[in-house]
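Listed here are the chains, written in short residue letters.
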Amino acid sequence: AKEYEHIIVTRPAPGVGLITLNRPKALNALSTPLFNELNEAVAELDGDKEIGALVLTGSERAFAAGADIKEMKDKTYEETYGNNFLESWTKITQLRKPIIAAVSGYALGGGCELALMCDIILASPTAVFGQPEINLGVIPGGGGTQRLVRAIGKSRTMELTLTGRNFSAVEAESWGVVSRVVAEGEGQVVKDAVQMAETIAKKGRLAVQAGKEAVNAAYELTLAEGLRFERRLFHGLFATQDQKEVHCPPGPSSPVYQSTR
Ligand code: CAA
């Protein structure tokens, strides 16, 4: 496997790629060089036939404590607008395979936004989310205002964006930002995320890709357009080998059997 400076890429289970952010001393502060590596690793795993799902994580103490403030603080308007600063930070949203964020500790600013770019978020009870950019005289720039509104509504997003207050794993779960808070324990959130990724990696690849595409379309399309889009993808899956392999009545190991009982 390729050696990176700011991330570690491993394959902890069949079909699963695990990317660990690795700037522990800076609480995984995010920078353009880190995103260049992350984008490269994600593209490689996306194109790898052995891989069916990805997990993105940080350390116990921090998923990521936001954009690297040291890198960011002296930037000018000319540099940020002129070079479309943060554009390369959202490439992960173009990934075809599912990616699960396993969040422990701080997920602040760009760290919270990075988790929101993933398809599923699992949180450790220690997870702390927030958009503290207002304390730095700016606002979220990696999609925080837009993705949070869609996840938790206007009033909560407005409160978080304008006060900069953090929110807990329990709040994140009750608001639907994360799918669940896992049990306490070091490494537990990564373990659960890898297990979930392994489950997904065992399903039909094209059906998983279509499922992700259909759910994401709900953010972009009207209901009528979204329903049509979903139906067309559904129809298309009848051309796949995976669909032909499902037996009727479903046997104990078939995906249909598992999902309907
Ligand atoms: N950028 C650069 N370095 C950071 C960092 C960041 N965002 N967050 C933490 N660090 C560094 C600290 O400078 C410190 O380094 P040194 O040991 O060299 O001093 C190290 O990580 C440990 O941090 P603390 O000593 O501060 O640890 P703590 O436990 O006392 O506090 C914390 C943790 C509350 C997360 C605190 O570090 C903090 O508030 N960090 C900044 C959070 C923030 O404002 N993030 C938003 C950034 S803006 C953004 O993300 C824009 C966007 O939309 C993309």
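Basis of the calculations
Residues numbered from 1 in each chain as written. Predicted model: local features only at pLDDT ≥ 70, side-chain atom pairs only at ≥ 80, totals over all residues. Heavy atoms only, no water. UniProt positions renumbered as here; feature names shortened; annotations may be inferred. Disulfide = S-S within 2.5 Å. Buried < 20%, exposed > 50% of the residue type's maximum accessible area, 1.4 Å probe, protein only. Pairing = 2+ DSSP bridges. Helix = DSSP H or I, 4+ residues; strand = E, 2+ residues; numbered from the N terminus. Core = buried A, V, L, I, M, F, W, Y, C linked by side-chain atoms within 4.5 Å. Contact = heavy atoms within 4.5 Å.

As annotated in an unreviewed UniProt entry, the chain carries the name Probable enoyl-CoA hydratase, mitochondrial and comes from Meripilus lineatus. Turning to the chain, the UniProt annotation filed under Sequence similarities (unreviewed entry) states: "Belongs to the enoyl-CoA hydratase/isomerase family."

Draft legend 1. The state of the cysteines, seen in detail. For the structure on display, the rule yields 0 disulfides. Among the cysteines around cysteine 112, which has no disulfide bond, cysteine 118 carries the closest sulfur, lying 11 Å off. A relative accessible area of 1% places cysteine 112 in the buried class. Accessibility expressed as a relative area gives 7% for cysteine 118, which makes it buried.

Draft legend 2. The arrangement of the sheet that holds strand β5 (residues 99-103) in detail. Here we have 6 strands laid out as an open sheet, ordered β1-β2-β3-β5-β7-β10, and mixed in their pairing. Across the chains shown, the open sheet's two edge strands, defined by having one partner strand only, are β1 (7-13) and β10 (180-181). Alignment of β1 against strand β2 (residues 16-21), held across 5 bridges, turns out to be antiparallel. Across the sheet, the residue bridging to alanine 13 is valine 16, located in β2.

Draft legend 3. Highlighting the nonpolar core. Core analysis: the largest hydrophobic core is formed by 46 residues, its most contacted members being Ile19, Leu56, Phe63, Val103, Leu114, Phe129 and Val177. Looking at which element gives the most residues to this core, the answer is helix α1 (residues 32-46), with 6 residues. Here isoleucine 19 is in contact with Ile7, Ile8, Val9, Leu38, Ala41, Val42, Leu45, Leu54, Val55, Leu56 and Thr57, once residues within four sequence places are set aside. With 15 residues, the next largest nonpolar core counts Val16, Val55, Ala197 and Ile200 among its residues.

Draft legend 4. Examining the environment of asparagine 28 more closely. Residue placement: asparagine 28 occurs in the loop between β2 and α1. Taking the C-alpha atoms as reference points, asparagine 28 and alanine 107, 79 residues apart in sequence, are found 9.6 Å from one another. With residues near it in sequence (within four places) discarded, asparagine 28 still touches Leu21, Asn22, Arg23, Gly58, Ser59, Ala62, Phe63, Ala64, Ala65 and Gly66.

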